[in-house]
Amino acid sequence: MAAEPHADIATLSFEAALAELEGIVRQLESGEVELERSIEIYERGAALRAYCDSKLKSAELKVEKIVRGEDGQPATEPAGLDPA
């Protein structure tokens, strides 16, 4: 069975994946990449974008804000990071 394409992405930090994705965007926007190479890096970029999206969603689930409870004591609740 062949290895999963772009499997190495799962080993990247969010920051490394985002930096690589930004580099791919710059290459594609330059218009100086051959068609076959453009397709390859576009596919990698799509995989990087999906990875970054999943990392962000995971981080959002972990973020909580500190509030004052009804009894005056500190408590936490979901941060509610959904865009308005």
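Look up: the structure comes first, before these words.
1. Observations concerning the overall build of the protein
1) Next: Tallying secondary structure elements over the protein gives two helices and two strands in all.
2) Next: Long-range pairs, those at least 24 residues apart, make up 46% of the contacts in the protein with a sequence separation of at least 6.

2. With respect to the environment of E60
1) Next: Here E60 shows up in helix α2 (residues 35-62).
2) Next: For the pair formed by E60 and P78, sequence separation is 18 residues and the distance between their alpha carbons is 8.9 Å.

3. Some details on the nonpolar core
One broad trend across soluble globular proteins is that nonpolar side chains are buried collectively.
1) Next: Grouped together as the largest cluster of nonpolar side chains are eight residues: I9, A17, L21, I24, I41, L48, Y51 and C52.
2) Next: When contributions to this core are tallied by element, the ones reaching two or more residues are α1 (14-30) and α2.
3) Next: Considering every element that reaches this core, the biggest residue donor is α2, with four residues.
4) Next: Every residue in contact with Y51, bar those within four places of it in the chain, is listed here: I9, A10, L12, S13 and A17.

4. With respect to the pairing of strand β2 (residues 74-78)
1) Next: Relative to β2, strand β1 (residues 64-68) is paired through five bridges, and the arrangement is antiparallel. Bridge pairing in β2 links K65 to E77.
2) Next: Between β1 and the antiparallel strand that follows it, β2, lie five residues; G72 among them carries a positive phi value of about 85 degrees.

5. Brief notes about α1
1) Next: Under the 1.5 Å per step criterion, the end-to-end length of α1 is 24 Å for 17 residues, consistent within 8% with the ideal 24 Å.
2) Next: Among all positions of α1, only A17, L21, G23 and I24 are buried. Axial view of α1: buried residues confined to an arc of 160 degrees, hence all on one face. Exposed positions of α1 whose direction lies more than 90 degrees from the buried face are E15, R26 and E29.
3) Next: In this structure, the buried side of α1 is in contact with α2.
4) Next: One or two steps after α1, the chain reaches G31, where phi turns positive at roughly 75 degrees.

Basis of the calculations
- Within each chain, residues carry numbers counting from 1 in the order of the written sequence.
- With pLDDT at 70 or above as the cut-off, local features in this predicted model cover only qualifying residues; side-chain atom pairs require 80 or more to be listed or tallied, and sums for whole chains, interfaces and linings still use all residues.
- Hydrogens and water are ignored here; the side-chain numbers use all heavy atoms of the structure.
- The helix count covers DSSP runs of H or I at least four residues long, the strand count covers runs of E at least two residues long, and both are numbered beginning at the N terminus.
- The contact rule is simple, with two residues in contact once any of their heavy atoms fall within 4.5 Å.
- Nonpolar core, defined: a set of buried Ala, Val, Leu, Ile, Met, Phe, Trp, Tyr and Cys residues in which side-chain atoms within 4.5 Å join the residues together.
- For every residue, the accessible area obtained with a 1.4 Å probe (protein chains only) is divided by the maximum for its type, and the residue is called buried under 20%, exposed over 50%, and partly exposed between those limits.
- Any two strands with at least two DSSP bridges between them are considered paired.
- Between the first and last residue of a helix there are one fewer steps than residues, each counted as 1.5 Å, and that sum is the expected span.
- Note that the arc is defined by the directions from the helix axis to the C-beta atoms.

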